[in-house]
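Analysis of the macromolecular model
Listed here are the chains, written in short residue letters.
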Amino acid sequence: LDDRLRDAVERLHQATGETVSVSAISDLEIEVIHVSSGEVGVQLVVQPGRRMPLWQSAVGIACLAPLPDSTLRSMHRRAQRRAALGGPTPPSIAEVLRRVREVRDAGGIAFADGAVVPGVAALAFGLPADVGLRPLVLSVGGPPDRALA
């Protein structure tokens, strides 16, 4: 990550006290690229390099939102083939498209409560294209009562 994005992530973490991460789509998963988190109170613990589900998380849906529906359908078919071989089962394509439409209608901001980790909520949104070499998503995660404050 470039220095201005690292600085922005750190400033957002300092302002919210919550875990702030930058992630990118990696095939049919999300890969965490950078994390800024504290050591006080209840914190979401995420390490760079961690891979998470694409289809259910706020980060994943925020990554999917800018993609054309035809690309989403193609990716979903690949995910279904992987599920048939023992991989994770994605939600229905109708559910994916519904969630993606919600994010598009909300200006690109995704929210999920307990989608990946029970008791953890996250807000996520795509970063401008000039920020990285590939599309990046910034997220803020923590306990739901604080995430919505």
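Please read these numbers as outputs of a predicted model, since none were measured by experiment. Each chain carries its own residue numbering, running from 1 in the direction its sequence is written. Totals for whole chains, interfaces and linings use every residue, but because this is a predicted model, local features are given only for residues with pLDDT of at least 70 and side-chain atom pairs only at 80 or more, for both listing and counting. The side-chain numbers reported here are obtained from all heavy atoms of the structure, hydrogens and water having been left aside.

1. Focus: the pattern of salt bridges
When a carboxyl oxygen of Asp or Glu is within 4 Å of a side-chain nitrogen of Lys or Arg, the pair counts as a salt bridge. With the rule as written, the count across this model stands at nine salt bridges. A salt bridge links Asp 27 to Arg 82; the nearest nitrogen and oxygen atoms lie 2.3 Å apart. Residue Asp 27 is found in the loop between β1 (19-26) and β2 (29-36), and its partner Arg 82 is found in helix α3 (residues 69-84); the two are separated by 55 residues along the sequence. Among the charged side chains, a salt-bridge network with shared partners connects Glu 29, Glu 31, Arg 51 and Arg 134. Numbering goes from the N terminus for both helices and strands, where a helix is a DSSP run of H or I of at least four residues and a strand is a run of E of at least two.

2. Section: the sheet that holds β2
Strands are labelled as partners when DSSP assigns at least two bridges between them. Sheet architecture is open: six strands sit in the order β3-β2-β1-β6-β5-β4, paired in antiparallel fashion. With one partner strand each, in any of the chains shown, β3 (51-53) and β4 (109-113) form the two edges of the open sheet. Put simply, the sheet's adjacent strands are angled 30° from each other on average, direction ignored. Here three bridges tie β2 to β3, and the two strands are oriented antiparallel to one another. Bridge assignment links Glu 29 to a residue of β3, and that residue is Pro 53. Contacts are assigned to residue pairs with any non-hydrogen atoms lying within 4.5 Å of each other. All axes are obtained by fitting lines to C-alpha atoms, using only the stretch in contact for helices, and the reported angles, taken between N-to-C directions, cover 0 to 180 degrees. The strands touched by helix α1 (residues 3-16) are β1, β2 and β6 (136-142); relative to β1, the strand with the most contacts, the crossing angle is about 135°.

3. Here's the deal with the confidence of the model for the chain
Low pLDDT means the predicted coordinates in that region are not meant to be read closely. Summarising the model, the chain shows a mean pLDDT of 87, and 91% of its residues fall at 70 or more. Per-element confidence in the chain is highest for helix α4 (residues 93-105), whose mean pLDDT is 97, and lowest for helix α5 (residues 144-147), whose mean pLDDT is 69. In predicted models, pLDDT denotes the confidence assigned by the predictor to each residue on a 0 to 100 scale.

4. With respect to the nonpolar core
Taken as a class, soluble globular proteins show a tendency for nonpolar side chains to be buried jointly. Here, nonpolar core refers to any group of buried Ala, Val, Leu, Ile, Met, Phe, Trp, Tyr and Cys residues whose side-chain atoms link them within 4.5 Å. Exposed residues in this analysis have more than 50% of their type's maximum accessible area, buried residues have under 20%, and partly exposed residues fall in between, with area computed by a 1.4 Å probe over protein chains only. Counting 26 residues, the largest nonpolar core has Trp 55, Leu 64 and Val 100 as its most contacted members. Taken together, the elements giving at least two residues each to this core come down to β2, α2 (58-64), α3, α4, β4 and β5 (121-126). Contact partners of Val 100, with chain neighbours within four places excluded, come to Ile 61, Leu 64, Ala 65 and Leu 72. Membership of the second largest hydrophobic core comes to ten residues, among which are Leu 5, Val 20, Ala 24 and Leu 136.

5. Some thoughts on the pairing of β6
Buried residues dominate β6, accounting for seven of its seven residues. Burial of β6 is two-sided: the residues Leu 136, Leu 138, Val 140 and Gly 142 facing one way and the residues Val 137, Ser 139 and Gly 141 facing the other way are all buried. Pairing analysis gives six bridges linking β1 to β6, with the strands arranged antiparallel. Bridging from a neighbouring strand, Val 20 pairs with Val 140 of β6.

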